[in-house]
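Here is how the chains run, residue by residue.
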Amino acid sequence: MSVPITFGELLDRHEREILAYALRMTGDRDDADDVYQETFLAAFRSWPPPRRGSERAWLYRIATNKVIDASRKRKRLVRMADLQLAAPDRDGVTMADLAAAVRALPAGQRAAFVLRRVEGLEYTEVALILECSEEAARARVSEATKKVREAMK
Amino acid sequence: MISVMTDARERLLTRARREGLEAVGYRVVDSPLGPLWVAVGPRGVVAVTYGGEPDARDLARIVRAYGPGVLPDARRVDPVARELDQYFAGRRRVFDVAVDLTPLTPFQRRVLSATARVPYGDLVTYAEIARRAGNDKASRATGGAVGANPIPIVVPCHRVVATDGTLGGYSGGLDNKRRLLQLERGAVPAGGWPKSRS
């Protein structure tokens with residue numbers, strides 16, 4: 001697919017996944033809406049994407065930073081309805097348990113966990129988004145997974 | 001999810017407009033000839049594209065002229081949509097909305113300005129448009145410029161036909177050219193029109 005040359009094209013291609021990601025990361029519709037808006041406004045303001053073809057990673061990176069900013073500002077309770085989207089199915093574990101465990105992760109690990117385990121991104125992409133090495137991305141996901149498993153016991 | 005998306009998008013677009021991040025607004029307008037992608041810039045309509053998707057070359061030209069701030073904006077396109085509706089309903093013969101040919105080359109601008117002045121229901125030949133644009137000898141290049149008209153219907157390139165009286169070409173497909181001329185003049189002869197008046 002060619003590189004998007006307009007804001008409208010960027011929006012058409014990526015807004016759904018960015019909003020879904022924001023919902024998974026924040027667990028709250030209003031917060032997710034804010035993250036989505038702030039992400040695209042920041043992208044428009046700092047256009048163009050840093051490297052050709054990397055606009056998806058660029059957007060996730062901005063969105064991740066917005067989530068971290070927002071979670072620094074306040075902590076929110078998680079709504080069940082929104083988490084239906086967020087949590088992978090697992091026997092014997094309620095959505096709320098899993099969501100709470102994910103929410104309890106530090107922002108960096110939470111982002112790595114959601115990007116890899118929920119969004120299903122490749123480690124190379126996770127690393128690009130989180131601006132770290134692939135090893136560091138793997139380590140974060142592994143650490144996050146361990147913590148989530150612990151919390152589920 | 002769909003309604004969440006729509007609401008979030010509307011709020012985002014409102015903020016982007018307020019911040020001056022939108023240079024060109026667009027939306028898809030339904031018409032008897034199928035969906036049309038219509039874009040309006042600071043000086044007027046910059047594109048009307050058959051099929052409801054922007055043409056890559058038009059988009060590149062728009063971005064060169066006005067930057068990447070090309071965003072969905074239904075309201076901005078409404079006046080054009082209204083005039084198109086009236087035109088297709090046979091209630092409008094002249095478009096009042098401003099047309100912006102700035103993103104084009106001076107040659108294309110001259111050719112399309114001459115095309116824009118061809119009255120409703122009239123026919124002219126490519127050669128005549130070349131003459132009116134001050135390029136008597138550039139009939140073929142004129143044909144190219146008419147054919148690449150980024151604002152069909154509003155800039156009525158469908159009124160430009162071949163010198164032998166046949167329909168010539170049309171970027172939106174000859175069927176659409178035939179239907180537009182039918183709307184303006186009544187039935188179109190199968191092989192095109194008889195020898196042009198011009």
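Structure's up top.
Residues numbered from 1 in each chain as written. Chains lettered and ligands numbered in written order. Predicted model: local features only at pLDDT ≥ 70, side-chain atom pairs only at ≥ 80, totals over all residues. Heavy atoms only, no water.

Draft legend 1. Examining the overall build of chain B more closely. When you go through chain B residue by residue, the secondary structure sums to 7 helices and 6 strands. For 198 residues, the compact-globule estimate of 2.2 N^0.38 gives 16 Å, and the C-alpha radius of gyration of chain B, at 18 Å, lies within 12% of that figure. Each principal axis of the C-alpha distribution contributes one length, and for chain B these read about 55 × 35 × 25 Å. Within chain B, contacts between residues separated by at least 24 positions form 62% of all contacts whose residues are at least 6 apart in sequence. Of the roughly 9100 Å² of accessible surface on chain B, a fraction of 51% belongs to carbon and sulfur atoms. (Helix = DSSP H or I, 4+ residues; strand = E, 2+ residues; numbered from the N terminus. Rg over C-alpha atoms; globule rule 2.2 N^0.38 Å. Contact = heavy atoms within 4.5 Å. Areas by Shrake-Rupley, 256 points an atom, 1.4 Å probe, with all protein chains shown as cover.)

Draft legend 2. Representation of the packing of aromatic side chains. Throughout the structure, instances matching the rule amount to 11 aromatic pairs over all chains. Between Phe-40 of chain A and Phe-44 of chain A, the aromatic rings sit 6.3 Å apart at their centres with planes inclined by 50 degrees, giving tilted as the arrangement. Of the two residues, Phe-40 of chain A and Phe-44 of chain A both sit in helix α2 (residues 29-45), 4 residues apart, roughly one turn of that helix. A relative accessible area of 0% places Phe-40 of chain A in the buried class. Taking the centre distance of 5.3 Å and the plane angle of 70 degrees together, the rings of Tyr-87 of chain B and Phe-88 of chain B count as edge-to-face. No difference in accessibility class separates Tyr-87 of chain B from Phe-88 of chain B, as the two residues are buried. (Phe/Tyr/Trp six-rings, centres within 6.5 Å; stacked < 30°, edge-to-face > 60°. Buried < 20%, exposed > 50% of the residue type's maximum accessible area, 1.4 Å probe, protein only.)

Draft legend 3. View of the nonpolar core. Ranked by size, the top nonpolar core spans 53 residues in total, and within it Phe-40 and Phe-44 of chain A carry the most contacts. Elements supplying a minimum of two residues to this core: α1 (7-26), α2, α3 (55-73), α5 (95-103), α6 (107-118), α7 (123-130) and α8 (134-152) of chain A together with α1 (2-18) of chain B. Counting residues per element, this core draws most heavily on α1 of chain A, at 9 residues. In contact with Phe-40 of chain A, other than residues within four places in its own chain, are Leu-10, Leu-11, His-14, Glu-15, Ile-18 and Leu-59 of chain A together with Leu-12 of chain B. Within the second largest apolar cluster, 37 residues are counted, among which are Tyr-50, Val-77, Leu-101 and Val-111 of chain B. (Core = buried A, V, L, I, M, F, W, Y, C linked by side-chain atoms within 4.5 Å.)

Draft legend 4. Representation of the packing of α6 of chain A against α8 of chain A within the structure. All names here are of chain A. Running from N to C, α6 and α8 cross one another at 95 degrees; their axes reach a closest spacing of 8 Å. Considering their axes alone, α6 and α8 lie roughly perpendicular with respect to each other. The segment α6 lies against α8, with Gly-108, Gln-109, Ala-112, Phe-113, Arg-116 and Arg-117 engaging Ala-137, Arg-140, Val-141, Glu-143, Ala-144, Thr-145, Lys-147 and Val-148. Here the residues of the contact of α6 with α8 sort into 6 nonpolar, 3 polar and 5 charged. (Axes fitted to C-alpha atoms, helices over the stretch in contact; angles between N-to-C directions. Parallel < 35°, antiparallel > 145°, perpendicular 65-115°, else oblique. Nonpolar A, V, L, I, M, F, W, Y, C, P; charged D, E, K, R; others polar.)

Draft legend 5. Expanded view of the interface of chain B and chain A. Contacts between the two partners involve 22 residues from chain B and, on the opposite side, 22 residues from chain A. Taken over both partners, the interface formed by chain B and chain A buries close to 2100 Å², and the fraction arising from carbon and sulfur atoms is 67%. The tally of links from chain B across to chain A stands at 5 salt bridges. Measuring nitrogen to oxygen at the nearest pair gives 2.8 Å for the salt bridge that ties Arg-9 of chain B to Glu-15 of chain A. Counting the contacts that link chain B with chain A gives 8 residue pairs in polar contact (both at pLDDT 80 or more). Put simply, the parts of the chain that give the side of chain B that touches chain A at least two residues each are α1, α2 (56-66) and β4 (70-72) of chain B. The leading source of residues in the side of chain B that touches chain A is α1 of chain B, at 10 residues. When grouped by side-chain class, the residues that make up the side of chain B that touches chain A number 17 nonpolar, 1 polar and 4 charged. (Buried area = accessible area lost by both parts, 1.4 Å probe. Salt bridge = Lys/Arg side-chain N within 4 Å of Asp/Glu carboxyl O. Polar contact = N/O pair within 3.5 Å; in protein donor to acceptor, adjacent residues only side chain to side chain.)

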